[in-house]
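What follows is the residue order along each chain.
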Amino acid sequence: MKSVGVILIGCGGVGRQLLHHIVSCRPFHSTLGVRLRVVGVADSKSLLSVPDAFTNELDDHCLAEICRLKSNNSSLSSVSSSVPCKLFSNTETMSKIAEMAGHLVRSTGLVVVDCSASSEAIGILKKVVELGGCIVLANKKPLTSSMEDYDKLVLHPRRIRHESTVGAGLPVIVSINRLLSSGDMIHRIVGSLSGTLGYVMSELEEGKPLSQVVKTAKSLGYTEPDPRDDLGGMDVARKALIIARLLGQRIDLESLKVESLYPAEMGPKTMDVDEFLTNGVPQLDNQIAERVKKAASNGNVLRYVCVIEDSRCEVGIQELPKDSALGRLRGSDNVVEIYSRCYSEQPLVIQGAGAGNDTTAAGVLADILDMQDLFT
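Right, let's walk through the structure included here. On a predicted model such as this, the values are computed, not experimentally measured, just so you know. (Residues numbered from 1 in each chain as written. Predicted model: local features only at pLDDT ≥ 70, side-chain atom pairs only at ≥ 80, totals over all residues. Heavy atoms only, no water.)

1. Re unusual backbone geometry
In step 1: One non-glycine residue, Asn 73, adopts positive backbone phi at about 60°.
In step 2: Within the element layout of this structure, Asn 73 appears in the loop between α3 (60–71) and β4 (86–89).
In step 3: Phi is positive for Ala 168, close to 55°, though the residue is something other than glycine.
In step 4: Relative to the elements of secondary structure, Ala 168 occurs in the loop between α7 (164–167) and α8 (172–181). (Helix = DSSP H or I, 4+ residues; strand = E, 2+ residues; numbered from the N terminus.)

2. Structural notes on the packing of aromatic side chains
In step 1: For the coordinates displayed, the defined rule picks out two aromatic pairs.
In step 2: Note on Tyr 199 and Tyr 222: the rings are 4.9 Å apart at their centroids and 75° apart in plane angle, and the pair reads as edge-to-face. Here Tyr 199, found in helix α9 (residues 195–204), pairs with Tyr 222, found in the loop between α10 (210–219) and α11 (228–231); they are 23 residues apart in sequence, far enough to count as distant.
In step 3: When its relative accessible area of 35% is taken as the criterion, Tyr 222 is described as partly exposed.
In step 4: Seen in terms of ring centroids, Tyr 262 and Phe 276 are 5.7 Å apart; in terms of plane orientation they differ by 70°. Their pairing is edge-to-face. One end of the pair, Tyr 262, is in the loop between β9 (257–258) and α13 (273–280); the other, Phe 276, is in helix α13, with 14 residues separating them in the sequence.
In step 5: We classify Phe 276 as buried; its relative accessible area is 1%.
In step 6: The side chain of Arg 228 reaches across the aromatic face of Phe 276, ending 4.7 Å from its centre. (Phe/Tyr/Trp six-rings, centres within 6.5 Å; stacked < 30°, edge-to-face > 60°. Buried < 20%, exposed > 50% of the residue type's maximum accessible area, 1.4 Å probe, protein only. Lys NZ or Arg CZ within 6 Å of the ring centre and 35° of its normal.)

3. With respect to the environment of Pro 282
In step 1: Summarising the element assignment, Pro 282 is placed in the loop between α13 and α14 (285–297).
In step 2: On the basis of relative accessible area, Pro 282 is assigned to the partly exposed category, the value being 32%.
In step 3: The sequence separation of Pro 282 and Pro 171 amounts to 111 residues, and the corresponding C-alpha distance is 37 Å.

4. What to know about the state of the cysteines
In step 1: Under the counting rule described, the total for this entry stands at zero disulfides.
In step 2: Cys 11 takes part in no disulfide bond, and the closest cysteine sulfur to it belongs to Cys 67, at a distance of 7.7 Å.
In step 3: According to the relative accessible area criterion, Cys 11 is buried, its value standing at 8%. (Disulfide = S-S within 2.5 Å.)

5. Quick notes on the packing of α9 against α10
Two packed helices can be described by the angle between their axes and the distance between those axes.
In step 1: One can describe the packing of α9 onto α10 by two numbers: an axis separation of 10 Å at closest approach and a directional angle of 140°. Relative to α10, the element α9 is oriented oblique. Along this stretch, α9 crosses α10, giving a crossing that reads as right-handed. The residues of α10 that touch α9, namely those facing Tyr 199, Val 200, Glu 203 and Leu 204, are Leu 210, Val 213, Thr 216 and Ala 217. (Axes fitted to C-alpha atoms, helices over the stretch in contact; angles between N-to-C directions. Parallel < 35°, antiparallel > 145°, perpendicular 65-115°, else oblique. Left-handed = near helix turned anticlockwise from the far one by under 90°. Contact = heavy atoms within 4.5 Å.)

6. Quick word on α3
In step 1: Taking 1.5 Å per residue, 12 residues should reach 16 Å; α3 reaches 17 Å between its end C-alpha atoms and fits that length.
In step 2: All of the buried residues along α3 are Cys 62, Leu 63, Glu 65, Ile 66, Cys 67, Leu 69 and Lys 70.
In step 3: Against α1 (13–24), α2 (26–31), β2 (34–42) and β3 (46–49) lie the buried residues of α3.
In step 4: Phi for Asn 73, located one or two positions after α3, is positive at around 60°. (Expected span 1.5 Å × (residues − 1).)

7. Observations regarding the side chain of Arg 37
In step 1: Topologically, Arg 37 is positioned in strand β2.
In step 2: Among the polar contacts made by the side chain of Arg 37, one reaches the main-chain carbonyl oxygen of Ala 53 at a distance of 2.8 Å.
In step 3: Separated by 2.8 Å, the side chain of Arg 37 and the backbone oxygen of Asn 56 make a polar contact.
In step 4: What Arg 37 contacts, discounting residues up to four positions off in sequence, is Ser 3, Val 4, Gly 5, Val 6, Ala 53, Phe 54, Asn 56, Glu 57, Leu 104 and Thr 108. (Polar contact = N/O pair within 3.5 Å; in protein donor to acceptor, adjacent residues only side chain to side chain.)

8. Quick look at the pairing of β2
In step 1: Where burial is concerned, most of β2 is hidden: eight out of the nine residues are buried.
In step 2: Relative to β2, strand β1 (residues 2–9) runs parallel, the two being bridged by eight bridges. Within β2, the residue paired with Ser 3 across the bridge is Arg 35. (Pairing = 2+ DSSP bridges.)

9. Focus: the nonpolar core
In step 1: Core analysis: the largest hydrophobic core is formed by 113 residues, its most contacted members being Leu 18, Leu 36, Ile 66, Val 111, Val 112 and Val 113.
In step 2: Here the element with the most residues in this core is helix α12 (residues 234–246); it accounts for eight residues. (Core = buried A, V, L, I, M, F, W, Y, C linked by side-chain atoms within 4.5 Å.)

10. Remarks on the pairing of strand β11 (residues 312–321)
In step 1: As judged from the two bridges shared by β9 and β11, these two strands associate in the parallel manner. Within β11, the position partnered with Val 258 by the bridge is Val 315.
In step 2: Bridge count for strand β10 (residues 300–309) against β11 is 10 bridges, and the pairing is antiparallel. Looking across to β11, one finds that Asn 300 is bridged to Pro 321.
In step 3: Between β10 and β11, which pair antiparallel and follow one another directly, the connecting turn spans two residues, one of which, Asp 310, has a positive phi of 55°.

11. Remarks on the sheet that holds strand β13 (residues 348–353)
In step 1: Overall, mixed pairing links the six strands, which are arranged β9-β11-β10-β8-β12-β13 in an open sheet. Only two strands of the sheet have a single partner each, and these edge strands are β9 and β13.
In step 2: The pairing of strand β8 (residues 186–192) with strand β12 (residues 333–340) spans six bridges and is antiparallel. The partner of Val 190 across the bridge, within β12, is Glu 337.

12. Thoughts on the layout of surface pockets
In step 1: If you add up the space inside the largest pocket, you get close to 1,200 Å³.
In step 2: Every residue lining the largest pocket is counted, 42 residues in all, and those nearest its centre are Lys 140, Glu 224, Asp 230, Asp 235 and Ala 355.
In step 3: At the level of secondary structure, the elements contributing two or more residues to the lining of the largest pocket comprise α1, α7, α9, α11, α12 and α15 (357–370).
In step 4: No other element matches the five residues that α12 contributes to the lining of the largest pocket.
In step 5: Its residues assigned to classes, the lining of the largest pocket comprises 14 nonpolar, 18 polar and 10 charged. (1 Å grid on protein atoms, 1.4 Å probe; cavity = no way out; pocket = protein on both sides within 12 Å on 5 of 7 lines; lining within 4 Å. Points joined across faces, edges and corners; volume = space filled by probe spheres on them. Nonpolar A, V, L, I, M, F, W, Y, C, P; charged D, E, K, R; others polar.)

Right, here's the structure in full:
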């Protein structure tokens, strides 16, 4: 049985779902000859780890307890386990992970998984790669940091997986990498990479006002608590930057052209969420309705997409043919069109659920298992 040590950073929805998947998939993983040993779990305040990562692991009861407590916003210090555990403070977390990595990388191997939403783990992720360990990312921020950080993280391509940073469980990154490895030059990618904005744009096409669509999307749980976190386009911009860098563009987030669906004067520093929904968004209804009408007169529809072509990387509303894969998009699916030498007339199309804790965690788990051949 191949033993793979795992340290999880981030106990939010995706991180907890990943732990559930690891436990529930034990029988299947055993048929593959693989045992995922979770030896440490960290949240924003502390790290819970086993005292001896060579012989111990956080047992399945402990992992279930972690999921239960964190779903109730409780502390990792409340976890009770039949396995001896040690709790380290936030200031000790990164040095302890580095220490564990230094031991495990030289023996059984280690995968550090970042399911957080912060930039705080970039330093330890670089250290793990430097030591010869592997990293799996659902967090987009490490790969959209400075080019210096990016270069260090991807220095050894076999030791990093990040499928879930772009399309949750969709095979976007692996498909791009396969095309590039085959020598099939990619010259254009257009993608609807936000389930929220995909839903918004397809509902606008039905003639509904933007203000109504945004309120409905929020009530359905499609948006963040503050819908401007979605409507501003920065989540799509980060995903676009990851793809652009994969294609060889050496650019930073600040250099991307990003269209926000609301003006700066309606930002969080000026309006609270309720005022934005009640008084702000309705002011945008007529303007966006005119754009929808104009696109329809051209036989097109509006979609909020990223466009990556040559040295161009833009994020915003585009008019697209209504009979294209993106034009036919309805609801919250993600759609990516990839144009290359082999896919010049009809693009390679990848479509499916591009968000959700379950789907994203499944993508992270697949990335971990994809690295098993690197371990003894």
